[in-house]
Each structure stands twice: as structure tokens, then as C-alpha cells.
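# Observations on the model geometry
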Amino acid sequence: MTLKERFTRNPQTYYALSIAATWAGIGSLMNGVTMTQTYGIIPSLIWVLGNTVACILFGTVAIKIPKVREVFRSRVMECICAIMCVFQAWLSMNGMQTVFADTALGPDFGKYVAYALAIVFLIILLRFGMIRNVLTDGFGWIIVYIMAAAVTVPALIHTGGAVNQISLGLEPEPMKTGIWKAILLLPGPFTYPYFFKILDYNDRNEDGTATVNVKKAFTMGGIFFGLYMAIVFPLAWTKFTPALNIVKAILITIIGTSTLSSSMYSIYIAFGKKLGLAVNAALIAGWSILIPLGVMGMWTLMASVRIYFVAGGILFAIVWNAYEKRKAVSA
């Protein structure tokens, strides 16, 4: 039985792995370490909790609240979300460039890797679409678990007793930062047209793929992501050898690859093949302008914007549904 046949017979786990891989993003490890070292353990754990709950919340809201899918699958919202995916793609590429800066290979190597991967997905996703994205994400996420352990365990052994000193972060300002950044994470999944595509694909199954409990798939995706964060969380205390820095760079690149591919696929979903190809090509060409923002700067810019239009979209869906119910009763 081929991998594609296994997927079509029981796609739930494949969906969940792809959801985790897409959501992880390159900033999940890099920003996680930064959060822990800068703000302390408790604020960082709150941020991790927000990260883990985000996909679970999406699966619940998108399925349980009427009209949410219609609002976010509207042409206007889909295009807005696709523009946010341009930032997600840039964020992934920035991370690849940044993480190789700590290795002997240097930042230019990371930049070339980012360009190469973006160009590969520009072509592959144009031709193969949905199933290819799910399967490559699922396979990549299994590798992420293996490599995360291969980085964390040796780093802890190498560090020994000379761990980085990190506070609990119970002071008001660090706690406020941790809570606010966790809140900023919650709207994130709503900005991925790919996640709504999973819902639609599960409903229609035109190619014979089995129908599953897709809400459970998003819950599993959140749990799979949380497991990964538990594996890499100790890295904030560790020190790295040059060899481990290279392994870490490869791990982060694999994580970033999944988000990059799903972001670029989301752009194809929103704009269609021809315009989507042009937008994806433009994001690759324009990326160099955004490199100076860095990973955290890029993420903060994007997260600060998306919370407002996601909240507005959900509120509009609730009001729309209430209006239609009232109209039906009046009739």
C-alpha cells in the first residue's frame, strides 16, 4: 500500500501532523528560547500554552460557531489571510537565514537555503497541491521529533551543571508580556486558508479520501505541537557546541519548511494558480527587504495586526448568524 493510499483510507493522523507542522513555524523554537531567557519560565510556559491551545481553539470555533467558515472563506477575508501568509513565509525564511548565522556555514548559507526551498515549493505546490502538502508536512514532522531529541539530549549532556540561569519571571511586567503574547497566538490559525481548506476537503472528499472527525484532527495537531515544545523547552538552559549548532539549524529549517510550504499553498488557495504564482514569486523576490526585522520583530508585527481582523471576522459571523435566526423566526 502506498503512502497516498494510506492517507486516503485514514487521513486523520496525517491531517494532525500537517496541522502541527504548519502551525509550529520557525519561531516556535527560536522565540520560545528567547521568551524563556528574557522573561522567565512562567511567562514562557504561558506562551507555550497559548501556542498549544491555538489549533484546538480553531478546530472548535470553526466547526461549532455558524458562519465562521463562510466569513473566512469569503473572497475578502481569504485575500487578507493570504497576505498574512506572505508574512508567515517571510518569517520562515528569516528564521532559516538567522539560525545558520550561529554556525560556521554563516548567514549567507541560510539565505541561499531559504531561497532554494521557496523556489522548490513555488513549483511543487503549483503542480501537486493539497495531498502533497499534507504528506510532506506529516513526514517532515516525524523527522522534527527525532531531530528535536537529537539536539536537546546532547545539548543537556554537553551543558552539564553549567546551565543558563533563568528566573521564574513572576514579576508583573514579564507575566503581562507572557499573557499578551499568548493571546496574540490564539487568532493565528484563522489566518491560514490552508486550515479552512482541510475542513472543506474533509467535507467533500472528491478524490475518495475518507471523512474523519476533523475537529479531533485539530485537537491532535495542538497536542502534537505541545509534545514538540516539551522536547525543546529545556534548550533555553543549554549551551551548544559548533556541531550542535548545525544540527539545531537543520532542525529549525525543517520546521520552517513546513510552515513555508503551507503559507505558499494558502496563497495559491486564495488567489488561484496564476495570481498565486505571481504573489509567491513576488514574496521570494521581496524577502531581502524584510531580513533586517529578524524573527521576533517579524512575528510581533504580524501577530499585532492579525488579532484585530480575526476577532472582527468571528464577531461578524456571530452577528450574521443571530440576524439570520431572527429573520427565520420573524418569517
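Keep in mind that what you see is a predicted model, and the values were worked out from it rather than measured. Just so you know, the residues in each chain are numbered from 1, in the order the chain's sequence is written. Only residues with pLDDT of 70 or above have their local features reported here, since the model is predicted, and side-chain atom pairs are shown and tallied only from 80 upward, although totals for entire chains, interfaces and linings are computed over all residues. Remark: hydrogens and water are excluded; side-chain values derive from all non-hydrogen atoms of the structure.

Close contact between helix H3 (residues 27–39) and helix H4 (residues 41–64) brings their axes to 7 Å; oriented N to C, the two are set at 155°. Judged on the interaxial angle alone, H4 and H3 are roughly antiparallel. Contacts between H3 and H4 involve Gly27, Ser28, Asn31, Gly32, Met35, Thr36 and Tyr39 from the first element and Ile41, Pro43, Ser44 and Trp47 from the second. Classification convention: Asp, Glu, Lys, Arg as charged; Ala, Val, Leu, Ile, Met, Phe, Trp, Tyr, Cys, Pro as nonpolar; all other residues, Gly among them, as polar. Broken down by class, the residue content of the contact of H3 with H4 amounts to 5 nonpolar, 6 polar and no charged. In this analysis an axis means a line fitted to C-alpha atoms, helices contributing only their contacting stretch, and an angle means the value between N-to-C directions, from 0 to 180 degrees. Helix and strand assignments come from DSSP, with helices taken as H or I runs of at least 4 residues and strands as E runs of at least 2, each series counted from the N terminus. Throughout this description, any angle smaller than 35 degrees is read as roughly parallel, any larger than 145 degrees as roughly antiparallel, any in the 65 to 115 degree range as roughly perpendicular, and the remainder as oblique. Contacts are assigned to residue pairs that have any heavy atoms within 4.5 Å of one another.

Glancing now at the pattern of salt bridges. Each reported salt bridge corresponds to a side-chain nitrogen of Lys or Arg within 4 Å of a carboxyl oxygen of Asp or Glu. Per the counting criterion, the structure on display carries 6 salt bridges. Of the charged contacts in the structure, one is a salt bridge between arginine 69 and aspartate 200, with a shortest N-O distance of 2.8 Å. In this pair, arginine 69 sits in helix H5 (residues 68–72) while aspartate 200 sits in helix H10 (residues 193–204), placing the two residues 131 residues apart along the sequence. Burial classification: accessible surface area is computed with a 1.4 Å probe over protein chains only, and a residue below 20% of its type maximum counts as buried, one above 50% as exposed, and the rest as partly exposed. With a relative accessible area of 10%, aspartate 200 lands in the buried category. As a salt-bridge pair, aspartate 200 and arginine 73 come within 2.6 Å of each other at their nearest N and O atoms. A residue pair is termed long-range when its members are at least 10 positions apart, and aspartate 200 in helix H10 and arginine 73 in the loop between H5 and helix H6 (75–99) qualify at 127 residues. Each of Arg69, Arg73, Glu78, Asp200 and Asp203 takes part in salt bridges that share partners, so that together they form one network.

Turning to empty space enclosed by the protein, a few remarks are in order. Only protein atoms enter the calculation, which uses a 1 Å grid: trapped sets of points that fit a 1.4 Å probe without letting it out are cavities, open sets showing protein on both sides within 12 Å along at least five of seven lines are pockets, and any residue with an atom within 4 Å of a point is a lining residue. Grid points are joined across faces, edges and corners, and a volume is the space filled by probe spheres set on the points. Inspection of every chain in the model, using the stated rule, returns 2 cavities of 30 Å³ or more. Here the second largest cavity defines a volume of roughly 50 Å³. Residue lining of the second largest cavity: Ser28, Leu29, Gly32, Val33, Thr36, Met229, Val232, Phe233 and Ala236, and that is the complete set. Breaking the lining of the second largest cavity down by element, the ones donating at least two residues are H3 and helix H11 (214–232). Partitioned by chemical class, the residues of the lining of the second largest cavity number 6 nonpolar, 3 polar and no charged.

An expected span of 1.5 Å times one less than the residue number is assigned to each helix. With 12 residues, H10 extends 16 Å from end C-alpha to end C-alpha; this agrees with the ideal 16 Å at 1.5 Å per step. Every buried residue of H10 is listed here: Pro193, Tyr194, Phe195, Phe196, Ile198, Leu199, Asp200, Tyr201 and Asn202. Count one or two residues on from H10 and you reach asparagine 205, which has phi positive near 50°.

Let us look at the packing of aromatic side chains. Whether two aromatic rings pair depends on their centres lying within 6.5 Å, for rings of Phe, Tyr and Trp, where Trp uses its six-membered ring; planes under 30 degrees apart make the pair stacked, over 60 edge-to-face, and the rest tilted. Scanning the entire structure with this criterion turns up 19 aromatic pairs. Measuring from ring centre to ring centre gives 6.1 Å for phenylalanine 316 and tryptophan 320, while their planes differ by 45°; the resulting arrangement is tilted. Of the two residues, phenylalanine 316 and tryptophan 320 both sit in helix H13 (residues 294–330), 4 residues apart, roughly one turn of that helix. For tryptophan 320, a relative accessible area of 27% puts it in the partly exposed group. Through a chain of ring-to-ring contacts, three or more aromatic side chains come together here, namely Trp23, Phe58, Phe72, Phe190, Tyr192, Tyr194, Phe195, Phe196, Phe218 and Tyr265. Charge-over-ring contacts are defined here by two conditions on Lys NZ or Arg CZ: a distance within 6 Å of the ring centre and an angle within 35 degrees of the ring normal. The lysine or arginine in question, lysine 67, covers the ring of tryptophan 320, its NZ or CZ lying 4.6 Å from the ring centre.

Here we take up the side chain of threonine 259. On the secondary structure map, threonine 259 appears in helix H12 (residues 242–290). Note on threonine 259: relative accessible area 1%, which makes it buried. Those residues within four positions of threonine 259 in sequence are excluded, and the remaining contacts are Ala21, Thr22, Ala24, Gly25, Ile26, Gln88, Ser92 and Tyr192.

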